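Remarks on the overall topology
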Amino acid sequence: MTTPTPENQDQFDQFEDEDTEQQLGATASGRKRLFSKELRCMMYGFGDDQNPYTESVDFLEDLVIEFITETTHRAMEVGRPGRVQVEDIIFLVRKDPRKYARVKDLLTMNEELKKARKAFDEVKYVEDQQ
């Protein structure tokens, strides 16, 4: 290994900073890893190793964040400027049958969960009153 000289000291400092960020769960660009645990589990569920390479998880997370960012920006342009609504997302995925079906399933499930929580809270409220 080369010892740092005054000319290349800045280069070595740069790499040391990157290593520190990586250890803290941040990317080289300084972003915190948000979905690493979930992506590792998904990758394992789809046939990858139980402990996939960190580089693979980081790459996949970059793709996911890029997709979310692009979709959000497009949704902000479709409906009312500066706001994202459910209808905007539905509009964006309407031509992709798989995405459209998944969005509809998730929205239906969300409504069912809301109703179940409301019913549960009402039962709990009635029991507390007695």
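Thresholds, definitions, all that
- Residues numbered from 1 in each chain as written.
- Predicted model: local features only at pLDDT ≥ 70, side-chain atom pairs only at ≥ 80, totals over all residues.
- Heavy atoms only, no water.
- Helix = DSSP H or I, 4+ residues; strand = E, 2+ residues; numbered from the N terminus.
- Buried < 20%, exposed > 50% of the residue type's maximum accessible area, 1.4 Å probe, protein only.
- Polar contact = N/O pair within 3.5 Å; in protein donor to acceptor, adjacent residues only side chain to side chain.
- Contact = heavy atoms within 4.5 Å.
- Salt bridge = Lys/Arg side-chain N within 4 Å of Asp/Glu carboxyl O.
- pLDDT = per-residue confidence, 0-100.
- Axes fitted to C-alpha atoms, helices over the stretch in contact; angles between N-to-C directions.
- Parallel < 35°, antiparallel > 145°, perpendicular 65-115°, else oblique.
- Left-handed = near helix turned anticlockwise from the far one by under 90°.

Checked against the element boundaries, Ser36 lands in helix 2 (residues 36-45). Judged by its relative accessible area of 17%, Ser36 is buried. In terms of polar contacts, Ser36 uses its side chain to reach the side chain of Glu61, at 3.1 Å. Other than its neighbours up to four places away in sequence, Ser36 contacts Val57 and Glu61.

What follows is about the pattern of salt bridges. Throughout the structure, instances matching the rule amount to 5 salt bridges. A salt bridge links Arg33 to Glu61; the nearest nitrogen and oxygen atoms lie 3.5 Å apart. Taken together, the positions of Arg33 in the loop between helix 1 (9-23) and helix 2 and Glu61 in helix 3 (residues 54-78) put the pair 28 residues apart, joining distant regions of the chain. Of the residues examined, Arg33 reaches a relative accessible area of 15% and is grouped as buried. In this structure, Asp96 engages Lys99 in a salt bridge whose closest nitrogen and oxygen atoms are separated by 3.7 Å.

On to the confidence of the model for the protein, then. This prediction gives the protein a mean pLDDT of 82; 76% of its residues lie at or above 70. Within the model, pLDDT remains below 50 along residues 8-24, and this stretch shows 12 contacts once partners closer than five positions in the same chain are excluded.

What follows deals with the packing of helix 4 (residues 86-93) against helix 5 (residues 97-129). Two elements in contact, helix 4 and helix 5, have axes whose closest approach is 8 Å; the angle formed by their N-to-C orientations is 155°. In terms of their interaxial angle, helix 4 and helix 5 are classed as roughly antiparallel. Between helix 4 and helix 5 lies a crossing of left-handed hand. Contacts between helix 4 and helix 5 involve Val86, Ile90 and Val93 on the former and, on the latter, Lys99, Tyr100, Val103, Lys104 and Leu107.

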